[in-house]
Amino acid sequence: MNQEAPNYLILHSNRSSVILEWCATEAPLWRYWGARLLDGTTPPTRLRATRPTPPASLEFDQPLSIAPTFGNGWFGQSALLAHRDGQHFTQSWNNCAVTREKQNLCITLTDTIAKIRLVINMTLASATDMLEINSCLYNDGTDADEKLSIQWLAAATLPLPATSQRVNSYVGQWASEFQIQTDTLSRSIWRRENIRGRTSHDCFPAATVAISAQQNGPLYGAHLAWSGNHSQTIEWQHDGQYQWQLGEWLAPGEVQLQSGQYLQSPTVFAAFAPDGADSLAHCYHATLRALMPWRDGVIPPRPVHLNTWEAVYFDHNEADLMALATAAADVGVERFVLDDGWFHARNNDTAGLGDWWADKKKYPQGLAPLAHHVIAKGMSFGLWVEPEMVNPDSELFRAHPDWAFQISGRPIVTGRNQLVLDLTNETVENYLFDCLSALLTTLPISYLKWDMNRDITHAGTRHAGATHGRKESAAYSAYVHALYRLLARIRAAFPKLEIESCASGGGRIDYAILRYTHRVWVSDCNDALARLTIQQAALQWLPPEIIGSHVGTAPAHTTGRSQSLAFRAAVALAGHFGLEMDVRKLSSTERLELAEWIRLYRSLRDTLHQAQVWRGDAGDGIVWQVHSNSQKKDAAYILCIYRIRPTMQRWSPSITLAMLDDQCRYVIENLTPSQDKVYEFDKTPVDGAWLKQSGLPLPRMTAESALIIRLIAENHTATKLSN
Ligand code: DGJ
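Since the structure is predicted, the reported quantities are computational estimates derived from the model, not experimental observations.

The rules behind each value
- Residues numbered from 1 in each chain as written.
- Predicted model: local features only at pLDDT ≥ 70, side-chain atom pairs only at ≥ 80, totals over all residues.
- Heavy atoms only, no water.
- Helix = DSSP H or I, 4+ residues; strand = E, 2+ residues; numbered from the N terminus.
- Rg over C-alpha atoms; globule rule 2.2 N^0.38 Å.
- Buried < 20%, exposed > 50% of the residue type's maximum accessible area, 1.4 Å probe, protein only.
- Contact = heavy atoms within 4.5 Å.
- Near = heavy atom within 4 Å.
- Polar contact = N/O pair within 3.5 Å; in protein donor to acceptor, adjacent residues only side chain to side chain.
- Areas by Shrake-Rupley, 256 points an atom, 1.4 Å probe, with all protein chains shown as cover.
- Nonpolar A, V, L, I, M, F, W, Y, C, P; charged D, E, K, R; others polar.
- Core = buried A, V, L, I, M, F, W, Y, C linked by side-chain atoms within 4.5 Å.
- Phe/Tyr/Trp six-rings, centres within 6.5 Å; stacked < 30°, edge-to-face > 60°.
- Lys NZ or Arg CZ within 6 Å of the ring centre and 35° of its normal.
- 1 Å grid on protein atoms, 1.4 Å probe; cavity = no way out; pocket = protein on both sides within 12 Å on 5 of 7 lines; lining within 4 Å.
- Points joined across faces, edges and corners; volume = space filled by probe spheres on them.
- Pairing = 2+ DSSP bridges.
- Axes fitted to C-alpha atoms, helices over the stretch in contact; angles between N-to-C directions.
- Parallel < 35°, antiparallel > 145°, perpendicular 65-115°, else oblique.
- Left-handed = near helix turned anticlockwise from the far one by under 90°.
- Salt bridge = Lys/Arg side-chain N within 4 Å of Asp/Glu carboxyl O.
- Patch = residues over 30% accessible without salt bridge, like charges linked within 9 Å, V, L, I, M, F, W, Y side chains within 5 Å.
- Expected span 1.5 Å × (residues − 1).

1. Section: the overall build of the protein
Tallying secondary structure elements over the protein gives 12 helices and 37 strands in all. Its C-alpha atoms give the protein a radius of gyration of 27 Å, within 12% of the compact-globule value 27 Å for 723 residues. Within the protein, the fraction of its 723 residues that count as buried is 61%. For the protein, the share of sequence-separated contacts (at least 6 apart) that also reach a separation of at least 24 residues comes to 68%.

2. Some remarks on the site of the ligand
What surrounds the ligand is a group of 13 residues, the closest being D340, R416, K449, D451 and D524. Between an oxygen atom of the ligand and a main-chain N or O atom of G505, the distance comes to 2.9 Å. Here W521 contributes a side-chain N or O atom positioned 3.5 Å from an oxygen atom of the ligand. Considering the ligand on its own, with 300 Å² of exposed area, one finds that the protein chains cover 98% of that surface. Class assignment of the residues belonging to the shell around the ligand gives a composition of 4 nonpolar, 3 polar and 6 charged.

3. Describing the nonpolar core
Residues W30, I150, L158, W342, L542 and L579 are the most contacted members of the largest nonpolar core, which totals 201 residues. Core analysis: the next-biggest nonpolar cluster, separate from the first, contains 23 residues, W624, C664, F681 and M701 among them.

4. Quick look at the packing of aromatic side chains
In this structure the tally under the stated criterion is 26 aromatic pairs. Here Y484 and Y516 contribute two aromatic rings whose centre-to-centre distance is 5.4 Å and whose plane-to-plane angle is 20°, an arrangement assigned as stacked. Residue Y484 is located in helix α8 (residues 476-493), and its partner Y516 is located in the loop between β28 (498-501) and β29 (519-521); the two are separated by 32 residues in the primary sequence. Note on accessibility: Y484 and Y516 belong to one class, buried. By the ring-pair criterion, three or more aromatic residues cluster together here, those being Y170, F178, F204, F269, Y284, Y511 and W541. Over the aromatic face of F433 sits the side chain of R489, whose NZ or CZ is 4.1 Å from the ring centroid. Its guanidinium or amino end placed over the ring of W521, R531 lies 4.4 Å from that ring's centre, counting from NZ or CZ.

5. Considering the layout of surface pockets
Of the voids in this model, the largest pocket is the one considered here, and its volume is about 1,300 Å³. Together, 44 residues line the largest pocket, and Q215, N216, A277, R615 and G616 are the ones closest to its centre. Where the lining of the largest pocket is concerned, the elements lending two or more residues are β10 (166-171), β11 (179-184), β13 (206-210), α1 (277-291), α9 (528-538), β32 (612-619) and β33 (622-628). Across the lining of the largest pocket, the residue classes tally to 21 nonpolar, 16 polar and 7 charged.

6. Structural notes on the pairing of β10
In this sheet, β11 lies alongside β10 in antiparallel orientation, the contact comprising 6 bridges. Each residue of the ladder has a partner; that of N168, found in β11, is T182.

7. Some thoughts on the packing of helix α6 (residues 426-442) against α8
Their axes nearest at 11 Å, the elements α6 and α8 cross at an angle of 30°. Classified by the angle between their axes, α6 and α8 sit roughly parallel to one another. Here α6 runs over α8; the crossing is right-handed. Across the interface between the two elements, E429, N430, L432, F433, L436 and L440 from α6 touch R485, L486, R489, I490 and A493 from α8. Each residue belonging to the contact of α6 with α8 can be placed in one class, and the counts come to 7 nonpolar, 1 polar and 3 charged.

8. Quick notes on the pairing of strand β19 (residues 267-273)
For β19, a buried count of 7 out of 7 residues is recorded, marking the element as mostly surrounded by other parts of the structure. Note: strand β8 (residues 130-139) against β19, 4 bridges, orientation antiparallel. Its bridge partner being in β19, I133 is matched across the sheet by V268. Where strand β14 (residues 219-225) lies against β19, 7 bridges are found, and the strand directions are antiparallel. Counted as the bridge partner of A225 is T267 from β19.

9. What about the sheet that holds strand β1 (residues 7-12)?
With respect to topology, 3 strands assemble into an open sheet ordered β1-β2-β3, the strand pairing being antiparallel. At either margin of the open sheet sits one strand with a lone partner, and together these are β1 and β3 (29-35). On average, adjacent strands in this sheet sit at an angle of 15° to one another, irrespective of strand direction.

10. Observations regarding the sheet that holds strand β22 (residues 380-385)
One closed barrel holds the 8 strands; their spatial order is β20-β21-β22-β25-β28-β29-β30-β31, and the pairing between them is parallel. Strand-to-strand, the axes of this sheet are offset by a mean angle of 30°, without reference to chain direction. In this structure, β29 lies alongside strand β30 (residues 547-551), joined through 2 bridges in parallel fashion. When the sheet's bridge partners are listed, W521 is paired in β30 with G548. α9 contacts β29 and β30 of the sheet and is inclined by roughly 165° relative to β30.

11. Here's the deal with empty space enclosed by the protein
Scanning all chains against the criterion turns up 7 cavities of 30 Å³ or more. Together, F405, Q406, I407, R410, P411, I412, V413, L419, V420, R454, T457 and H458 line the largest cavity. Counted by class, the lining of the largest cavity contains 7 nonpolar, 3 polar and 2 charged residues.

12. Considering the pattern of salt bridges
As enumerated under the stated definition, the model contains 41 salt bridges in all. Among the salt bridges present, the one from D239 reaches R51, with a minimum N-O distance of 3.0 Å. Placement of the pair is D239 in the loop between β15 (230-236) and β16 (242-248) and R51 in the loop between β3 and β4 (80-83), with a sequence separation of 188 residues. Of the residues examined, D239 reaches a relative accessible area of 38% and is grouped as partly exposed. The shortest N-O distance in the salt bridge between R398 and E395 comes to 3.4 Å. In this pair, R398 and E395 are both assigned in helix α5 (residues 395-399), 3 residues apart and thus about one turn of the helix distant. Sharing partners across several salt bridges, the network here consists of R196, R198, D202 and D455.

13. A few points about unusual backbone geometry
The peptide bond linking A554 to P555 adopts the cis configuration, its omega dihedral lying at -5°. As for its position among the elements, P555 is in the loop between β30 and α10 (565-573). Positive phi values are uncommon outside glycine, yet A175 reaches one of about 70°. On the secondary structure map, A175 appears in the loop between β10 and β11.

14. Description of a nonpolar patch on the surface
Taken together, L58, F60 and F75 make up a surface patch of nonpolar side chains, about 340 Å² in accessible area. Mapped onto the secondary structure, L58 falls in the loop between β3 and β4. Judged by its relative accessible area of 43%, L58 falls in the partly exposed class.

15. Here's the deal with α6
If you check α6, its first and last C-alpha atoms are 24 Å apart, about what 17 residues at 1.5 Å a residue would give, namely 24 Å. Of the positions making up α6, those classed as buried are V428, E429, Y431, L432, F433, C435, L436, S437, L439 and L440. Elements in contact with the buried residues of α6: β22, α5, β25 (445-450) and α8. Where α6 begins, the capping side chain belongs to N425, and its oxygen is found 3.0 Å from the backbone nitrogen of T427.

As far as function goes, none of this settles anything; it's purely spatial.
Structure follows, in structure tokens:
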């Protein structure tokens, strides 16, 4: 073992620090990831000096490193499981070289016996505290060596302190995404795995770990930016700490590297926040905002949508949709999105996918008349597509049955009556690119709702590029890369286009798909009560302006429950607002009320969006969120208060607003349109310190009602509500 003086690799950000212990002949050891240390702080001794050999243990001590490997005295989960046709089933790094550029460490680990090299890139962003890590494994063997089969490559191995207590991850199903699952950490391994071929409704690829029971105590978060199969584990170690690994889940035989080839892992976005879930969310929001593909880096105001799905489903008729568009424009809609049902023979979900031209019966002149009508009404035109899929009942499948994923000899398994196209086949990719290009060049489409409505099962490809010389191989991973390629091609060819990522609601959401897309449809559930839970959980990772949030009908199509228009609108207000209904079916009073909510959204969106968000539960059925955009001159705070069940108390609890400035006094104004505006706050400004500590007293509210409140520091003049 190396006895030289320890050498430390140290990264500091605003509120966190990372320390690795480095020596030239092994992978750097994790010494620290947590709250910001003072500059110059180092561990007192090298780690092994603090760890005398315990009974019944190897004389060689292998603490947690940034890439622990099986077979060399590491008994936890390995960061790499690989072999060469059964040889070199264990790896051990015998060389470590590091280059540093500002906040980035590029660490190259070599195993000269197994002839592999792992390059780990680790960047700690100074301002956002985001620790980005990814790993790239190279096969440095020669042609004479067996190819390298990889079963598991952790994108990152992170340390968690011994005080780690609980992990929050996400479970769910269609229409109930982002349900928080809390597990207590123990000596049993904690594992969440998803093999549905997309991020899935069940298992958003992220988690947070709390290291104290305190409400706003320190919290770690990690997210894997990958739109396919994935796995994450948290595993107790004998020094009481935990290791946390995240990476892509690989099917047997899926990745086999020939000499000179490499496997690049997805990126893990990890962060430590000293003071709770909202401050952790702020790191994630800032990071994602910088990653997203806005033109010239500027996000335009998020337009009010009307999406036609729940208004007409497959029942399209040109005149009817024009009338719907007119009614939508009249209430203030700014973007009209024509959902499923517009293309060839698409009368229900059993046929048509793959045939991306307008259905002649429904649209005799194509989509142009409708699209131009929408534009004439002052709205932009968006179109639903599901390019990755094919129905067996389609012209495309009849002509090219071999374009769909399948596994020789196995039955074809459909989901929503459809199959997944093998995007790894360049001919398929080109077909889809051409179909989409034809639509985008012949019609004034500025927005695509890109849907994906089934899990991927039989991802067997026979396409030569993906099989590594075999007759057939698993292509779950290659599929996701091919999808990114297709999206990148479309974006390059149509740079003004915005794209929404939808997969039966929130089945494909992650920071990799969001490098190509601009909005997520977080759920098909428009029941405002259920949606509020989904949205507030999604806000942990996603900023409000990209969370599509629509006012649905009452009763809600997915749950059968009804809420008032005001409550539904108040829940939608907090995200990227839209309508999922046939506005023509509203009474004239309801239309006026809806128009008022739309006006409110349009006047507040520059504060609601690009904002910091805080969420809270005041007790007695009151939940709330505050948005404030520090770029705005008036420094306003918008407080959305939701009573989600009847009160059990005579007087409502107060809401303590810790984000306010105790040096300021705040003017409080109730902006809630419609009948829920039953309460006016006293015009006298209130001390920030009081609102922070004692809180804002609330009026009595009926169940499933909401208040939208604006707080402005006294010295700022209130901006007038305007469109
Ligand atoms: C699933 C989506 O989540 C819905 O919004 C809608 O677009 C349907 N697909 C259309 O088939």
